[in-house]
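Architecture and fold: a report
So you can see what is in the structure, the chains are spelled out below.
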Amino acid sequence: MANRTRFNAVLLALLACNPAFAATDAGISAGESGDTPSAGVSAVPESTPEAAPAQAAAPAAQPAAPQTVFKTEELDQMMAPIALYPDSLLAQVLMAATYPGNVADAVAWSKAHPDVKGDDAVKQVANQPWDPSVQSLVAFPQVLATLGQDPAWVQRVGDAFLAQPNDVMDSVQRLRRQAQAAGNLQSNEQQTVTVQSAPPPSSTTTVVQPAATQTIVIEPANPQVVYVPSYNPTVVYGSWSYPSYPPPYYPPPPSYGYPIATGLATGLAFGVGVGIVNSLWGDFDWGGGDVDIDVNKYNNINSNRQINRNQNKFVHNPVNRQGVPYRDNVNRQQNGLRLNGSQQREAARGYDANRTAERQKARQSLQQRGIEAPARTNQQARERAQAATRDMRNDPQARQRAESARQQRQAGDANRQQRPRAQNNQQVRQQARQQHTAARKQAPRNNAFAGARQPSQSRAATSRGEFSRASASRPQTQRASAGRQVQRPAHAPSRGGGGRRR
């Protein structure tokens, strides 16, 4: 009995320490629950006093390690055109960029409705099947005009934000400090620029480079009027640190009222302000590395997609991705949805899992026999070429084989050069044409119109046929004196006045 009691106590302790039986994780989005999908915001459940001991005892679940898809210079290059946007507007742009197909549709809608902006524009697209973050951008036609100039850049920005959100935010702060050092980022009538102390890092991971001690926050001077800045990155950031990765420049259309001749040449330029109340419902949590959701503003502008107060964090909704592939493996595994009937569609496209497995086995068999598989990338091909060059330089037999192959190629080239070549192709074609024409003239023409211009020959041929038919149908006569049959040839009737002697 004592052993059984001790065993039960150990089993209960193991169950209490196992994270699989812990409370619901705070990172599960509302789209995974039984409620209506929240289209991009997550629900953080409230903690109860009863669950506090269990949560304290349970070890924290280790998130999947993010995959480094873009380098630092690539992140700065793609974030340069939008890093100086107000925080709330930049948060909306990054969330919307994760749905590049929706952004393209919103760009087309904005071009068709150039005079609609602000909260009214967002309400007009409430029934569009876009993510709410994309719907909020129609309030700012200037932003969509910029995003519409390079859809590939928009997709890269969204992929970077999904795969490396912390690195993207670090890139934004790095660019803002650079613009501030160049004297092109400061408070004015359109915006308020403040410098705050950077929060301590939330993770215990060892940092190789020293973390920045300041965070630059950009807010509209009037919360209900947003001015979208436009600038040339090669000017506003001063000397660019990565010459091999120059920042792109997307100038605004002239119709949006930007002083291109003055503001864009010296730094930031601001067009006409956009009056909004609820269109911007996202903002950065620089310390947490994510985007916070203002639930009240969200519900006021998205009347048909209400959320509760616990859904205050942005979570990517793969349904609105519209099948655009993910760039990193983590999001490909977490958000790669398989819709109903996808296997049938793959079969219709010619995909066969068995055939793929057979190809893999064939590749392995070739590798076992020493036959190297084809190079998959240009870098791998270059490495193989360099290795072959080294082998040929160090191996006399390899040099001999290469020299023999070169001699064979030269012999083949010499044979091809010795072949007679026509000096004038046009003359050769003309001669062939003349020969063909002469052969056609000499050959007898046997067709339906032969003899149409020689009626006498036609009548003679017709008469010969009539003679043969008359001879075959003429009755036979007998001569009594000779006692044998006599058959006289038939004569054609005379043509003309005279007769013919017999």
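Attention here is on the structure that accompanies the text. (Residues numbered from 1 in each chain as written. Predicted model: local features only at pLDDT ≥ 70, side-chain atom pairs only at ≥ 80, totals over all residues. Heavy atoms only, no water.)

Take the packing of aromatic side chains next. Per the stated rule, a full pass over the model turns up 7 aromatic pairs. One aromatic cluster in this structure is built from Tyr231, Tyr237, Trp240 and Tyr242. A cation sits over an aromatic face here: Arg321 above Tyr326, 4.5 Å from the ring centre. (Phe/Tyr/Trp six-rings, centres within 6.5 Å; stacked < 30°, edge-to-face > 60°. Lys NZ or Arg CZ within 6 Å of the ring centre and 35° of its normal.)

In this section: empty space enclosed by the protein. Applying the stated criterion to the full structure yields 1 cavity of 30 Å³ or more. Looking at the largest cavity, its volume works out to about 120 Å³. Forming the walls of the largest cavity are 15 residues, and the residues nearest its centre are Pro81, Tyr85, Thr146, Ser230 and Tyr250. The set of elements that each furnish at least two residues to the lining of the largest cavity consists of helix H8 (141–147) and strand E5 (229–230). Sorting elements by how many residues they give to the lining of the largest cavity places H8 first, with 3 residues. Its residues assigned to classes, the lining of the largest cavity comprises 12 nonpolar, 3 polar and no charged. (1 Å grid on protein atoms, 1.4 Å probe; cavity = no way out; pocket = protein on both sides within 12 Å on 5 of 7 lines; lining within 4 Å. Points joined across faces, edges and corners; volume = space filled by probe spheres on them. Helix = DSSP H or I, 4+ residues; strand = E, 2+ residues; numbered from the N terminus. Nonpolar A, V, L, I, M, F, W, Y, C, P; charged D, E, K, R; others polar.)

A word on the pattern of salt bridges. With the rule as written, the count across this model stands at 9 salt bridges. The partner of Asp76 in a salt bridge is Arg174, with the nearest N and O atoms 2.9 Å apart. On the criterion of sequence distance, the pair formed by Asp76 in helix H3 (residues 72–79) and Arg174 in helix H10 (residues 165–181) is long-range, its members being 98 residues apart. One salt bridge in this structure joins Asp290 and Lys313, with 3.7 Å as the shortest N-O distance. With Asp290 in strand E9 (residues 290–293) and Lys313 in strand E10 (residues 313–314), this pair connects stretches of sequence that are 23 residues apart. By relative accessible area, which is 25% here, Asp290 ends up partly exposed. (Salt bridge = Lys/Arg side-chain N within 4 Å of Asp/Glu carboxyl O. Buried < 20%, exposed > 50% of the residue type's maximum accessible area, 1.4 Å probe, protein only.)

A separate point is a positive patch on the surface. A cluster of basic residues, Arg355, Arg359, Arg363 and Arg376, forms a positive patch at the surface. Of note, Arg355 is situated in helix H16 (residues 353–368). Looking at Arg355, the relative accessible area reads 38%, which means it is partly exposed. (Patch = residues over 30% accessible without salt bridge, like charges linked within 9 Å, V, L, I, M, F, W, Y side chains within 5 Å. Areas by Shrake-Rupley, 256 points an atom, 1.4 Å probe, with all protein chains shown as cover. Lys, Arg positive; Asp, Glu negative; His and termini not counted. Charge placed at Lys NZ, Arg CZ, Asp CG, Glu CD.)

Phi at Gln322 is positive, roughly 60°, even though this residue is not glycine. For Gln322, the location among the structural elements is in the loop between E10 and helix H14 (329–335).

On to the nonpolar core, then. Across soluble globular proteins, nonpolar side chains have a tendency to be buried as a group. Among the nonpolar cores identified, the biggest contains 72 residues, and Met79, Phe140 and Tyr237 are the most heavily contacted of them. If sequence neighbours within four positions are ignored, Tyr237 has contacts with Ala80, Ala83, Leu84, Leu175, Gln178, Ala179, Ala182 and Tyr231. (Core = buried A, V, L, I, M, F, W, Y, C linked by side-chain atoms within 4.5 Å. Contact = heavy atoms within 4.5 Å.)

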